[in-house]
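# Notes for the structure review
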Amino acid sequence: MGASDRKEAEVRRLMDGPHPVVPVDLAAVAAARGARLLRRRRVLRRLAWALAFAAAVAFTVWAARTHPWELPPTDVAPPLRGF
């Protein structure tokens, strides 16, 4: 008797034995939990998109006000020549 035959015999014994009692409202509870998870996931996704949009708007306003692409004015005057 090999290992696979022993496992098969054990599975057959488990399947022939008494089955556990399943709660009557198991499907309803599972459906309610799934709906809750979907709602939570949908809310989190909308919150993430709103946060990303707010960050993009904040960056745009900051960039429009400060002009980070321009060089800052220098504090040193150019050398005087030609006099």
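Preceding this section is the structure that the text describes.
Predicted model, so just to flag it, every value in this text is computed and none were measured.

Quick look at the overall build of the chain now. The number of helices and strands found in the chain is two helices and zero strands. Relative to the compact-globule value of 12 Å for 83 residues, the chain shows a C-alpha radius of gyration of 35 Å, a clear excess of over 25%. Counting only C-alpha atoms, the chain reaches 110 × 40 × 10 Å along its principal axes. A buried classification covers 1% of the 83 residues belonging to the chain. By element, 66% of the accessible surface of the chain is carried by carbon and sulfur atoms, the whole surface being about 8,500 Å². The chain carries 14 positive and 7 negative side-chain charges, and their two centres are separated by 10 Å.

The subject of this paragraph is the environment of Asp16. In this structure, Asp16 sits in helix α1 (residues 3–16). With 26 residues separating them along the chain, Asp16 and Arg42 place their C-alpha atoms 43 Å apart.

Two numbers describe a pair of aromatic rings. These are the distance of the centres and the angle of the planes. Taken as a whole and assessed by the stated rule, the structure comprises one aromatic pair. With a centroid separation of 5.7 Å and 40° between ring planes, the pair formed by Phe59 and Trp62 is classed as tilted. One end of the pair, Phe59, and the other, Trp62, are both in helix α2 (residues 26–66), three residues apart, so they sit about a helical turn from each other. You can call Phe59 exposed: its relative accessible area is 53%. Take Trp62: its relative accessible area is 45%, and that puts it in the partly exposed class.

What counts, and at which threshold
- Residues numbered from 1 in each chain as written.
- Predicted model: local features only at pLDDT ≥ 70, side-chain atom pairs only at ≥ 80, totals over all residues.
- Heavy atoms only, no water.
- Helix = DSSP H or I, 4+ residues; strand = E, 2+ residues; numbered from the N terminus.
- Rg over C-alpha atoms; globule rule 2.2 N^0.38 Å.
- Buried < 20%, exposed > 50% of the residue type's maximum accessible area, 1.4 Å probe, protein only.
- Areas by Shrake-Rupley, 256 points an atom, 1.4 Å probe, with all protein chains shown as cover.
- Lys, Arg positive; Asp, Glu negative; His and termini not counted.
- Charge placed at Lys NZ, Arg CZ, Asp CG, Glu CD.
- Phe/Tyr/Trp six-rings, centres within 6.5 Å; stacked < 30°, edge-to-face > 60°.

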